[in-house]
Amino acid sequence: MTNWMNHHVQALKLVLGRMRDNLLSTFMICLVVGVATSLPGLFYVGVDNLSKLSGHMQDETEISLFLKVGVSQETVATIEAALSKNTEIKQHHFVNKDEAWKRFQDESANNGDINKVILQLNKNPLPDAFFIQAKSAEPEALEALKNSLQTLPGVEQALLNSEWAKRLSILLKLGTKIIFVIAALLAITLLIIIGNTVRMQILTQKDEIEVSNLMGATSSFIRTPFLYAGMLYGLFGGLLAIAIMAGIMEAFNLSIAQISSLYSSDFSIALLNPKLFIGIIFTATFIGWLGSYIAVSRSIASFKIN
Amino acid sequence: MIQFDQVTKRYPGSDEALKNVSFSIDAGEWVFVTGHSGAGKSTLLKLTAAIERPTSGTVLIANQNISKLKSSAIPFMRRRFGVVFQDHKLLYDRNCFENVILPLRINGVAGAEAAKRVRAALDKVGLLHKEKAMPITLSGGEQQRLAIARAVVSRPSILIADEPTGNLDASYAADIMGIFQAFNQVGVTVIMATHDALGLSASHSRVLHLNHGQLSQSESPMS
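Everything in this summary refers to the structure shown in the same document. Because the structure is a prediction, the values reported are computed rather than measured.

Within chain B, the secondary structure is distributed over seven helices and 10 strands. By its C-alpha atoms, chain B is 45 × 40 × 35 Å across when sized along the principal axes. Considering chain B as a whole, with its 223 residues, one finds that 41% of them fall into the buried category. Sequence-distant contacts, at least 24 apart, represent 67% of the contacts inside chain B between residues at least 6 apart.

In structure tokens, the structure reads:
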């Protein structure tokens, strides 16, 4: 056990020592890892925040239920009852046509043209209507609800005023897919970069590896320092990626706060996302480990006894 | 302790380096391996130290058949030996102390115990005052002694040396032989390849003489 500990502590010391001796090149490799990792990370933050924002807006989407002109009080009562029973509806309110007409006239009192048109109409053209807020903000659920309401007797037309939200949601799904593709491509790139870096180090330490092998070093003894090197590149790169992301998000947040205040919203990008950060560090470290494992295994295979 | 039975070694694309070689070496023995250049001395030593496997025949080390040993068990077999390579194989990017400590790291010895043993080994070969020196600054004889210190630091029971006095002048060579003799006297088995008459005449040791890969004579100690 202490032997095993010694082995790992020594390997780690050795690697950290080598990194300290080559500070600049180590920093460069970590920076490459950091920049490559921060790209999909930033995309993710962007899409994630846009979906949150679109969630915000969908809260305000309504289904407008326009009734047929001249429906009876009983029909209105039946619809009212059906809406109250529907579990998918958060709240609804009824606006009768006289009320709506009056409000419309009041609101356009200052607009001369419309006022003229209103005065020319000698009867109220507006129907009775229900305004409904659904519990769900999902476009599909809203669509389904709208269609079911459309079939109620006495309903002329159900209107969902969230078509744009639906489109945005589809675009965001596309964005998520693009992130995955970019992340996968960059992961492969990182694997190659770290693998090559470790391969170069193996080449510079070829003598040491050969001598150690002849003296009875196990594969794991030879492999461990390189695995630590790869993992540390990933770890430091991941930390740099988070620093880069935090810096960029902070800069963006200033502008976003200004825009938000114009729309009297307090929306801003959440700076701290521990899950994302831990995910980035873990992934980068794993890629570092895998890259160096592949490189060092190939090198060790060449020392096979024959 | 070491037993060769009908051992043949052929490298890809060349003739047989060793042909039907059989001999055995007991613990504590001193054995010279002689022969012309290319006779198979180095091959014989490599097979002995579990650095290579025979093409046919069996090599037994401490009753273990090298051919049948799993690859993962080979490193542990190699740790029984201290090997002084023909080309030293010193690491020129680190000082003497760091060179000698390498086998101890491999064996999992660390800290004060390791430092103590490194200094003891350097002391035995007379290089204690050079522990901080880089190997490149040492003379040929000193480099050879450093290689010996590295071979003995993990206290192996068998020392294998491939032409350790190869290109040294006579006084240095005698020096080196003296160091090996000191180890042999405390029970370490020494197997040494040499084409140099000095060592041979000075001792009554057993000689394995190789001629084109074949063992031509195996003399027992004459005492």
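Once you've had a look at it, read on.
Broken down by element type, chain A carries 10 helices and four strands. Reading chain A from its N end, one meets helices and strands in the order α-α-β-α-β-α-α-β-α-β-α-α-α-α. Over its C-alpha trace chain A gives a radius of gyration of 32 Å, far above what one expects of a compact globule, namely 19 Å for 306 residues. On the principal axes, the C-alpha backbone points of chain A span a range of 105 × 40 × 30 Å. Of all intrachain contacts in chain A linking residues separated by at least 6 positions in sequence, the fraction that spans at least 24 positions is 85%.

The next thing to look at is the interface of chain A and chain B. Opposite the 17 residues of chain A that make contact, chain B presents 18 residues. Those elements that place two or more of their residues in the side of chain A that touches chain B are helix H1 (2–21) and helix H8 (206–214) of chain A. By residue number, the principal contributor to the side of chain A that touches chain B is H8(A), which donates five residues. Classifying every residue of the side of chain A that touches chain B by side-chain character gives six nonpolar, eight polar and three charged.

Our focus in this paragraph is unusual backbone geometry. All names here are of chain B. One non-glycine residue with positive phi stands out, namely Ala-62, at about 50 degrees. Looking at the element boundaries, Ala-62 is found in the loop between strand E4 (56–61) and strand E5 (64–65). The exposure class of Ala-62 is exposed, given the 12 C-beta atoms found within 10 Å. The backbone of Lys-89 sits at a positive phi, close to 55 degrees, despite the residue not being glycine. The residue Lys-89 is located in the loop between strand E6 (81–84) and helix H3 (96–106) in this model.

A separate point is the sheet that holds strand E4 (residues 155–160) of chain A. Residue and element names in this part refer to chain A. Across the sheet, which stays open at both edges, the four strands sit in the order E2-E3-E1-E4 with antiparallel pairing between neighbours. Sheet topology places strand E2 (89–95) and E4 at the edges, where each strand pairs with a single neighbour. Along the sheet, successive strands turn relative to each other by an average axial angle of 20 degrees, direction set aside. Note that strand E1 (residues 63–67) and strand E3 (residues 129–134) share four bridges and pair antiparallel. Directly across from Ser-64, in E3, lies its bridge partner Phe-131. Across the sheet, helix H6 (residues 139–150) touches E1, E3 and E4, and the angle it forms with E4 is around 170 degrees.

A few words now on the environment of Ser139(B). As for its placement among the helices and strands, Ser139(B) is situated in the loop between helix H4 (111–124) and helix H5 (140–152). It is 25 Å that separates the C-alpha atoms of Ser139(B) and Ser37(B), two residues lying 102 residues apart in sequence.

Quick look at the nonpolar core now. Counting 98 residues, the largest nonpolar core has Val33(B), Ala149(B), Leu159(B), Ile160(B) and Ile191(B) as the members making the most contacts within it. Ignoring anything within four residues of it in the chain, the contact list for Ile191(B) reads Ile25(B), Val31(B), Val33(B), Leu45(B), Thr48(B), Ile158(B) and Ile160(B). Formed by 12 residues, the second largest nonpolar core is a distinct cluster that contains Ile132(A), Ala134(A), Leu142(A) and Leu149(A).

Adjacent strands of a sheet form backbone hydrogen bonds with each other and so pair up, either parallel or antiparallel. All names here are of chain B. Spatial strand order, E2-E1-E4-E5: four strands in an open sheet with antiparallel pairing. Edge positions in the open sheet fall to strand E2 (16–25) and E5, since each of these has one partner strand only. Examined bridge by bridge, E4 and E5 share two bridges and lie antiparallel to one another. Within E5, the residue paired with Leu-60 across the bridge is Asn-65.

Our focus in this paragraph is helix H9 (residues 219–262) of chain A. The end-to-end C-alpha distance of H9(A) is 63 Å, a good match for the 64 Å that 44 residues give at a rise of 1.5 Å each. Taken as a whole, H9(A) carries its principal kink of about 25 degrees at Asn253(A).

Residue and element names in this part refer to chain B. Burial analysis of strand E8 (residues 189–193) places five of its five residues in the buried class, which makes it a mostly covered element. Neither face of E8 is open: one carries Thr-189, Ile-191 and Ala-193, the other Val-190 and Met-192, and all of them are buried. Sheet topology note: the strand E3 (residues 30–35)/E8 ladder contains four bridges and is parallel. Looking at E8, one finds that Val-33 is bridged to Ala-193. Bridge count for strand E7 (residues 158–162) against E8 is five bridges, and the pairing is parallel. Residue pairing for E8: Ile-158 is matched across the bridge by Thr-189. The handedness of the E7 to E8 crossover, carried by helix H6 (residues 170–185), is right-handed.

So, on to the packing of H3(B) against H5(B). Residues and elements named next belong to chain B. The interhelical angle for the contact between H3 and H5, taken along N-to-C directions, is 35 degrees, at an axis separation of 7 Å. The way H3 lies across H5 gives a crossing that is right-handed. Here Cys-96, Asn-99, Val-100, Leu-102 and Pro-103 of H3 lie close against H5, whose contacting residues are Leu-146, Ala-149 and Arg-150. For the contact of H3 with H5, a count of residues per class yields six nonpolar, one polar and one charged.

Criteria and thresholds
Residues numbered from 1 in each chain as written. Chains lettered and ligands numbered in written order. Predicted model: local features only at pLDDT ≥ 70, side-chain atom pairs only at ≥ 80, totals over all residues. Helix = DSSP H or I, 4+ residues; strand = E, 2+ residues; numbered from the N terminus. Buried ≥ 20, exposed ≤ 12 C-beta atoms within 10 Å, placed from the backbone. Contact = placed C-beta atoms within 7 Å. Rg over C-alpha atoms; globule rule 2.2 N^0.38 Å. Nonpolar A, V, L, I, M, F, W, Y, C, P; charged D, E, K, R; others polar. Pairing = 2+ DSSP bridges. Axes fitted to C-alpha atoms, helices over the stretch in contact; angles between N-to-C directions. Core = buried A, V, L, I, M, F, W, Y, C linked by C-beta atoms within 7 Å. Expected span 1.5 Å × (residues − 1). Bend = angle between axes of the 7 residues up to and from the residue. Right-handed = clockwise from strand over helix to strand, strands pointing away. Left-handed = near helix turned anticlockwise from the far one by under 90°.

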